[in-house]
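So the chains spell out like this:
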Amino acid sequence: KMNKHLHNSLRALFLSLAVLLSLPMLAVTVEIDGINYDLNAEAKQATVIAKSSGKYSGEVVIPESVEFKGVTHSVTSIGANAFEDCSGLTSVTIGNSVEIIGFLAFSGCFGLNSVTIGNSVEIIGFGAFRDCSDLTSVTIPNSVTSIGESAFSGCSCLTSVTIGNSVTSIGVAAFYGCSGLTSLTIPNSVTSIGLLAFSDCSGLTSVTIGNSVEIIGEKAFRDCPELLDVY
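Residues numbered from 1 in each chain as written. Predicted model: local features only at pLDDT ≥ 70, side-chain atom pairs only at ≥ 80, totals over all residues. Heavy atoms only, no water.

Caption draft 1: Main features of the overall build of the chain. Secondary structure assignment for the chain yields 1 helix and 19 strands. Within the chain, the fraction of its 231 residues that count as buried is 42%. Partitioning the intrachain contacts of the chain with sequence separation of at least 6 by distance along the chain shows that 32% fall at a separation of at least 24. For the chain, the accessible area works out to roughly 11,500 Å², and carbon and sulfur atoms hold 53% of it. (Helix = DSSP H or I, 4+ residues; strand = E, 2+ residues; numbered from the N terminus. Buried < 20%, exposed > 50% of the residue type's maximum accessible area, 1.4 Å probe, protein only. Contact = heavy atoms within 4.5 Å. Areas by Shrake-Rupley, 256 points an atom, 1.4 Å probe, with all protein chains shown as cover.)

Listed below in structure tokens is the structure:
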């Protein structure tokens, strides 16, 4: 029995080692020009991550690619929580190679007043710009297909939103509490508007809804007392 147990233990150990040895060496964390990245050596891709100590501040430009040890990596995503609560961040320009803005990526960046979203972004994740209360305008490019839940909720100074014509879904509470918004055009590409999507947008007076919308979630425009015109 002991020999059998030892055999099984050794077999499990060898299998574990085989699995580990088969895994590609992916996780390399580096700082380049003041921005931290996780590098995927196999795919030659980079993800922006949070600083190992301290917070990002001032103006940040996320490049389309970074070079590490002579190898060029395309910057394809902004990781979850990468800039969360960076209250000193004032401006962000997102390079055209970025495809995903992760969960809570810029949440709580109270001082952020300017964002340029690159034209390869497809997904704006949950709470990506939540409570960015100084943000005044945002243009969501035509590459974006999904605006995540609570993506811009609490952006109380947001007065101008341009939604690209590839967006198909506006998530739950996506623009909840954006009290500075006065008018809004939802393009023909959109098929669903989530629950509470524009709730508490107390300054909203006019909304144009595209002709492909099939679902308008419950209370999507709750507490919009100035909303008189819906087209």
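Now, onward.
Caption draft 2: Structural view of the side chain of S107. By the element assignment, S107 lies in the loop between strand 8 (100–101) and strand 9 (114–116). The class for S107 is buried, based on a relative accessible area of 4%. Look past the residues within four positions of S107 in its chain and what remains in contact with it is F83, E84, D85, G127, A128 and R130.

Caption draft 3: Quick peek at the packing of aromatic side chains. One pass over the structure, following the stated rule, counts 8 aromatic pairs. Where F83 meets F106, the ring centres are 4.7 Å apart and the plane angle is 10°; that geometry is what we call stacked. Of this pair, F83 sits in the loop between strand 6 (71–78) and strand 7 (89–94) while F106 sits in the loop between strand 8 and strand 9, and the two are 23 residues apart along the sequence. Classification of F83 by relative accessible area gives buried; the value is 0%. (Phe/Tyr/Trp six-rings, centres within 6.5 Å; stacked < 30°, edge-to-face > 60°.)

Caption draft 4: View of the nonpolar core. If you look at the biggest cluster of nonpolar residues, it comprises 62 residues, and the most contacted ones within it are F83 and F106. F106 has contacts with I78, F83, L89, V92, I94, I101, L112, A128, F129, R130 and C132, leaving out every residue within four places of it along the chain. (Core = buried A, V, L, I, M, F, W, Y, C linked by side-chain atoms within 4.5 Å.)

Caption draft 5: Looking closely at the environment of I170. Assignment of secondary structure puts I170 in strand 14 (residues 169–170). According to the relative accessible area criterion, I170 is buried, its value standing at 2%. In the structure, I170 is positioned 23 residues away from I193 in sequence and 4.9 Å away in space, judged by C-alpha atoms. Sequence-distant contacts of I170, defined by excluding residues within four places in its chain, comprise I147, I163, F175, I186, V190, S192, I193, G194, A197 and F198.

Caption draft 6: Broad picture of the sheet that holds strand 9. The 3 strands are arranged 4-7-9 in an open sheet whose pairing can be described as parallel. Edge positions in the open sheet fall to strand 4 (58–62) and strand 9, since each of these has one partner strand only. Strand-to-strand twist across the sheet, computed as the mean angle between neighbouring axes with direction ignored, equals 10°. (Pairing = 2+ DSSP bridges. Axes fitted to C-alpha atoms, helices over the stretch in contact; angles between N-to-C directions.)

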